[in-house]
Amino acid sequence: MLIPRSAAEQLISVGLEGPVQITYGKLTASFSTDEYIVQTRLIDGNYFQYRKPFALQGDRVELPRQTFLNAVKRADMCNDESNPKPVRIDVEADNMRIYIQSSAAAYSETIPLEKDTGQKMTIGFNPALIRTTLESFPDENVQVLFLSPKAPMIVTSEAHSLKGLLLPVVVR
């Protein structure tokens, strides 16, 4: 079921408390509590098959979560708010370079990886999504899987069942 963003934001702003009854049909959905009823139309279409990439196998690299997060934050500080650019990640052998080139500034930082990935690729991501994903993990380290420049980056944790899936953006 896909609901419009405005309806999701309305549900959050209302501050629903207690049990919420969700009913839906082919075209609409209803979220009900003792105090409120929020109705919305459903978005027609197919949702991204997000479970499929988690089954993909490959070499995961372990990274210090805070090091990765801080590098992305520093790169994003150099972004131009009026014309934001994706953060680019170069994966080559046993290094991961995070960089950004915007009209405001340029930034580059290299994070050593624990092992040689055997890969060489450049992949771009929305820096806000990387930050949000990494901030949601409570662990010191995260495992990251890069498959290809067009495949999602998968972030997992050995200590928790939390998983993150970040879709890449086109970089030129």
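Note that residues are indexed from 1 along each chain, following the sequence as it is written. With pLDDT at 70 or above as the cut-off, local features in this predicted model cover only qualifying residues; side-chain atom pairs require 80 or more to be listed or tallied, and sums for whole chains, interfaces and linings still use all residues. Side-chain descriptors were evaluated using all non-hydrogen atoms of the structure, hydrogens and water having been removed beforehand.

1. Brief notes about the confidence of the model for the protein chain
Line of reasoning, step 1. The predictor's confidence in any single residue is recorded as pLDDT, a number from 0 to 100. Per-residue pLDDT for the protein chain averages 86, and the proportion of residues at 70 or more is 93%.
Line of reasoning, step 2. A run of H or I in DSSP becomes a helix once it reaches four residues, and a run of E becomes a strand once it reaches two; helices and strands are each numbered from the N terminus. Within the protein chain, the lowest mean pLDDT, 70, falls on helix 2 (residues 51–54), and the highest, 95, falls on helix 3 (residues 65–77).

2. Some details on helix 4 (residues 127–135)
Line of reasoning, step 1. All of the buried residues along helix 4 are Pro127, Ile130, Thr133 and Leu134. Looking straight down helix 4, one finds its buried side chains confined to an arc of 125 degrees; they lie on one side.
Line of reasoning, step 2. In the analysis that follows, any N or O atom pair within 3.5 Å is treated as a polar contact, provided that within protein one partner can donate a hydrogen and the other can accept it, and provided that, for residues neighboring in sequence, both atoms belong to side chains. Where helix 4 starts, the residue carrying a side-chain oxygen 2.9 Å from the main-chain nitrogen of Ala128 turns out to be Asn126. The buried label goes to any residue with under 20% of its type's maximum accessible area, the exposed label to any with over 50%, and the partly exposed label to all in between, with areas taken from a 1.4 Å probe on protein chains only. When we speak of the arc, we mean the arc of directions from the helix axis to the C-beta atoms.

3. Considerations on the sheet that holds strand 2 (residues 28–32)
Line of reasoning, step 1. Should DSSP find at least two bridges between two strands, the strands are regarded as paired. Ordered in space as 1-2-3, the three strands form an open sheet in which the pairing is antiparallel. Two strands close off the open sheet at either side, each with one partner strand: strand 1 (21–24) and strand 3 (37–41). Averaged over all pairs of adjacent strands, the angle between their axes in this sheet comes to 15 degrees, without regard to strand direction.
Line of reasoning, step 2. Where strand 2 lies against strand 3, five bridges are found, and the strand directions are antiparallel. Its bridge partner lying in strand 3, Ser32 is registered against Ile37. Angular values range over 0 to 180 degrees, each being the angle between N-to-C directions of two axes fitted as lines to C-alpha atoms, with helices fitted over their stretch in contact.

4. With respect to the side chain of Ser102
Line of reasoning, step 1. Topologically, Ser102 is positioned in the loop between strand 6 (95–101) and strand 7 (106–112).
Line of reasoning, step 2. In this structure the side chain of Ser102 is engaged in a polar contact, spanning 2.6 Å, whose partner is the backbone oxygen of Cys78.
Line of reasoning, step 3. Those residues in contact with Ser102 that sit more than four places away from it in its chain are Cys78, Asn79, Asp80 and Lys85. Contact criterion: two residues are considered in contact whenever any of their non-hydrogen atoms come within 4.5 Å of each other.

5. Describing the pairing of strand 6
Line of reasoning, step 1. Strand direction decides the pairing type here: strand 5 (residues 87–92) and strand 6, joined by five bridges, are antiparallel. Bridge pairing in strand 6 links Arg88 to Tyr99.
Line of reasoning, step 2. Here strand 5 hands over to strand 6 after two residues, with Ala93 in that stretch at a positive phi of 55 degrees.
Line of reasoning, step 3. Pairing between strand 6 and strand 7: seven bridges, direction antiparallel. From the neighbouring strand, Ile100 faces strand 7, where its bridge partner is Tyr107.
Line of reasoning, step 4. In textbook terms, the turn of a hairpin is the stretch between consecutive antiparallel strands, and for strand 6 and strand 7 this stretch comprises four residues.

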